[in-house]
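# Geometric and topological summary
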Amino acid sequence: MSEVFIREVKTTAEIKEFVQFPMDLYKDNPYYVPSFIKDEINVWNKNENPALQYSLAKQFLAYKNGKIAGRIAAIINRKEQKELGITKVRFGWIDFIDDREVSKALMDMVINFAKHHQISKIEGPMGFTNLDKAGMLTFGFEKIATMIGIYNHAYYPQHIEALGLTKEKEWVEFEMNFPKILPPKVEKFSSLIAEKYKLRVLHFKSKEEILPYVKPMFKLLDKTYNTLSTYTPITEEQIKTYKEKFFPLIAKNYVICVVDEHDELVSFAVTMPSYSKALQKSKGKLFPFGWWHFLQAEKKNDRANFYLIGIHPEYQRRGVTAIIFKEIFVRFNKMGIDFAETNPELEENKSVQVLWQDYNPVNHKRRRTYSMEI
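Residues numbered from 1 in each chain as written. Predicted model: local features only at pLDDT ≥ 70, side-chain atom pairs only at ≥ 80, totals over all residues. Heavy atoms only, no water.

## Comments concerning the overall build of the protein
Helix and strand counts for the protein stand at 12 helices and 14 strands. At 21 Å, the protein has a C-alpha radius of gyration in line with the 21 Å of a compact globule built from 374 residues. Relative to its full complement of 374 residues, the protein shows a buried share of 55%. Taking all contacts inside the protein whose residues are at least 6 apart in sequence as the whole, residues at least 24 apart take part in 77%. With the model as given, the accessible surface of the protein reaches about 18,100 Å², and the carbon-plus-sulfur share is 52%. Positive and negative side-chain charges in the protein, numbering 55 and 47 respectively, have mean positions lying 2 Å apart. (Helix = DSSP H or I, 4+ residues; strand = E, 2+ residues; numbered from the N terminus. Rg over C-alpha atoms; globule rule 2.2 N^0.38 Å. Buried < 20%, exposed > 50% of the residue type's maximum accessible area, 1.4 Å probe, protein only. Contact = heavy atoms within 4.5 Å. Areas by Shrake-Rupley, 256 points an atom, 1.4 Å probe, with all protein chains shown as cover. Lys, Arg positive; Asp, Glu negative; His and termini not counted. Charge placed at Lys NZ, Arg CZ, Asp CG, Glu CD.)

Now the structure itself:
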């Protein structure tokens with residue numbers, strides 16, 4: 001039996017191999033959706049990823065029979081330690097062939113990394129921050145991944161559990177057939193709420209008109225989710241990074257903003273046409289021809305994804321979601337959207353899950369992070 005060899009990623013060439021490995025592993029899988037290669041490489045560049053300013057990160061590659069057989073990253077988020085008092089090693093970017101020696105060798109590297117830094121807990125898969133991909137898929141392996149969802153083989157959680165890691169957090173995702181007729185109670189309620197609180201929906205004529213609301217959206221996101229476990233505030237540098245990363249993909253008709261009589265943002269929803277098949281066709285590259293697939297996905301698509309939803313705490317139980325969903329209904333029907341899919345939501349986050357209750361949502365994917373005390 002060939003020995004597994006682990007090497008720390010240090011060179012530019014090795015970073016590219018680290019990024020390329022899952023694309024090779026899943027090249028014949030119809031459900032895997034690659035990330036943008038450039039973005040994945042930039043994750044490990046301090047000039048591109050602000051989280052590296054307050055985090056320590058190491059990446060590792062596993063080799064067997066002279067070939068790359070797995071990868072993993074180990075991360076210590078110092079901001080999390082300082083602001084929340086949580087000390088743990090996060091592990092992420094974990095992929096491996098169906099070989100127990102390989103998965104064990106990768107996890108051993110994370111455990112040794114944690115011991116070296118005198119940290120007694122590991123948890124993953126997760127990224128640097130709350131806005132990074134998190135959670136190992138445990139159900140829904142025959143559903144195509146979303147652009148910001150992790151996809152993995154069914155054997156992954158089996159390997160992880162065999163190594164003694166146990167469930168830490170659970171995420172759920174929902175799929176729904178978008179209705180052709182708006183439920184009467186939503187129609188009536190949305191009008192009543194808008195009138196009662198003097199709220200209105202903004203209609204953007206161009207993407208550029210959305211820009212002044214990007215920062216308020218992230219600030220509202222903080223207010224919406226700061227009561228959830230392990231949530232850390234989003235920094236100014238992160239706002240800038242995520243704006244540069246995702247704004248080019250945003251379509252103006254997919255962004256809904258609700259403001260009060262003083263033009264203050266009280267709620268928003270960022271949805272997008274599904275870019276999953278566009279990413280598959282482009283193989284993670286926007287240029288030279290990948291952009292065309294994204295342009296087609298924006299123009300003609302029957303599927304949309306919910307990405308971010310923020311509601312000011314003062315309005316969370318006042319029916320503002322009815323205004324959001326009425327607007328989404330109108331726009332989706334004009335654009336021919338038949339199916340909608342949510343992003344991963346913490347199982348405990350019932351205040352968000354209640355948003356879908358009138359649309360017969362089907363829980364079609366589940367994922368979790370695993371942890372271990374060492």
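From this point, the discussion proceeds with the structure in view.
## Re the packing of aromatic side chains
For the coordinates displayed, the defined rule picks out 21 aromatic pairs. A ring pair is formed by Phe-18 and Trp-44, whose centres lie 5.8 Å apart and whose planes are at 85 degrees; its orientation type is edge-to-face. Of this pair, Phe-18 sits in helix H1 (residues 12-25) while Trp-44 sits in the loop between helix H2 (37-42) and strand S2 (55-64), and the two are 26 residues apart along the sequence. Taking the relative accessible area as the measure of exposure, Phe-18 reaches 0% and is therefore buried. On the accessibility criterion, Trp-44 (12% relative accessible area) is buried. (Phe/Tyr/Trp six-rings, centres within 6.5 Å; stacked < 30°, edge-to-face > 60°.)

## Notes on the environment of Ala-74
Summarising the element assignment, Ala-74 is placed in strand S3 (residues 67-77). Given a relative accessible area of 0%, Ala-74 falls into the buried group. In this structure the C-alpha to C-alpha distance between Ala-74 and Val-4, which are 70 residues apart in sequence, comes to 19 Å. The residues contacting Ala-74, other than those within four sequence positions of it, are Leu-56, Ala-57, Lys-58, Phe-60, Val-89, Arg-90, Val-110 and Phe-113.

## A word on a nonpolar patch on the surface
On the surface, a cluster of nonpolar side chains totalling about 460 Å² of accessible area is made up of Phe-287, Trp-291, Trp-292 and Leu-295. Tracing the backbone shows Phe-287 in the loop between helix H9 (276-282) and helix H10 (290-299). Residue Phe-287 is classed as exposed on the basis of its relative accessible area, which comes to 62%. (Patch = residues over 30% accessible without salt bridge, like charges linked within 9 Å, V, L, I, M, F, W, Y side chains within 5 Å. Salt bridge = Lys/Arg side-chain N within 4 Å of Asp/Glu carboxyl O.)

## What to know about the pattern of salt bridges
All told, the structure shown has 31 salt bridges when counted by the stated rule. Note that Glu-175 and Arg-303 form a salt bridge whose closest N and O atoms lie 2.8 Å from each other. Taken together, the residues span a long stretch of sequence, with Glu-175 in strand S7 (residues 166-177) and Arg-303 in strand S11 (residues 303-311) at a distance of 128 residues. Take Glu-175 and Arg-303: they sit in the same class, and that class is buried. Residues Arg-331 and Glu-327 are paired through a salt bridge, measuring 2.8 Å at the closest nitrogen-oxygen approach. Note that Arg-331 and Glu-327 are positioned in helix H11 (residues 320-335) at a spacing of 4 residues, about one turn of the helix. A relative accessible area of 13% means that Glu-327 is categorised as buried. Residues joined by salt bridges that share partners form a network here, namely Glu-80, Lys-88, Arg-90, Lys-121, Glu-123, Glu-168 and Lys-169.

## Observations concerning the packing of helix H4 (residues 100-116) against helix H5 (residues 155-162)
At a closest axis distance of 10 Å, the pairing of H4 and H5 adopts a crossing angle of 60 degrees. It follows that H4 is oblique to H5 by the angle criterion. Viewed along their axes, H4 and H5 form a crossing whose handedness is right-handed. Two secondary-structure elements touch here, H4 through Arg-100, Ser-103 and Met-107 and H5 through Gln-158, His-159, Ile-160 and Ala-162. A per-class count over the contact of H4 with H5 returns 3 nonpolar, 3 polar and 1 charged. (Axes fitted to C-alpha atoms, helices over the stretch in contact; angles between N-to-C directions. Parallel < 35°, antiparallel > 145°, perpendicular 65-115°, else oblique. Left-handed = near helix turned anticlockwise from the far one by under 90°. Nonpolar A, V, L, I, M, F, W, Y, C, P; charged D, E, K, R; others polar.)

## Thoughts on the environment of Val-354
On the secondary structure map, Val-354 appears in the loop between helix H12 (350-353) and strand S14 (362-373). With 105 residues separating them in the primary sequence, Val-354 and Leu-249 have C-alpha atoms 27 Å apart.

## Observations concerning the nonpolar core
With 104 residues, the main nonpolar core has Val-89, Ile-122, Leu-199 and Trp-356 as its most contacted residues. The dominant element in this core, judged by the number of residues it contributes, is H4, at 8 residues. Not counting residues within four places of it along the chain, the set of residues in contact with Ile-122 comprises Val-89, Phe-91, Met-107, Val-110, Ile-111, Ala-114, Leu-165, Tyr-370, Ser-371, Met-372 and Ile-374. Formed by 15 residues, the second largest nonpolar core is a distinct cluster that contains Ala-57, Tyr-63, Ala-73 and Phe-128. (Core = buried A, V, L, I, M, F, W, Y, C linked by side-chain atoms within 4.5 Å.)

## Brief notes about the packing of helix H6 (residues 184-197) against H11
For the pair H6 and H11, the least separation of the axes is 8 Å and the interaxial angle reads 120 degrees. With respect to H11, the axis of H6 lies oblique. Relative to H11, H6 is oriented so that their crossing is left-handed. On H11, the residues that touch Val-186, Glu-187, Phe-189, Ser-190, Ser-191, Ile-193 and Ala-194 of H6 are Val-320, Ala-322, Ile-323 and Lys-326. For the contact of H6 with H11, the residue count by class is 7 nonpolar, 2 polar and 2 charged.

## So, the side chain of Thr-224
You can see Thr-224 is positioned in helix H7 (residues 214-225). Here Ile-311 takes part through its backbone nitrogen, which lies 2.9 Å from a polar atom of the side chain of Thr-224. Leaving out residues up to four positions away in the same chain, Thr-224 has contacts with Ile-309, Gly-310, Ile-311 and Gln-316. (Polar contact = N/O pair within 3.5 Å; in protein donor to acceptor, adjacent residues only side chain to side chain.)

Honestly, that's just the spatial picture; any functional story needs more than this.
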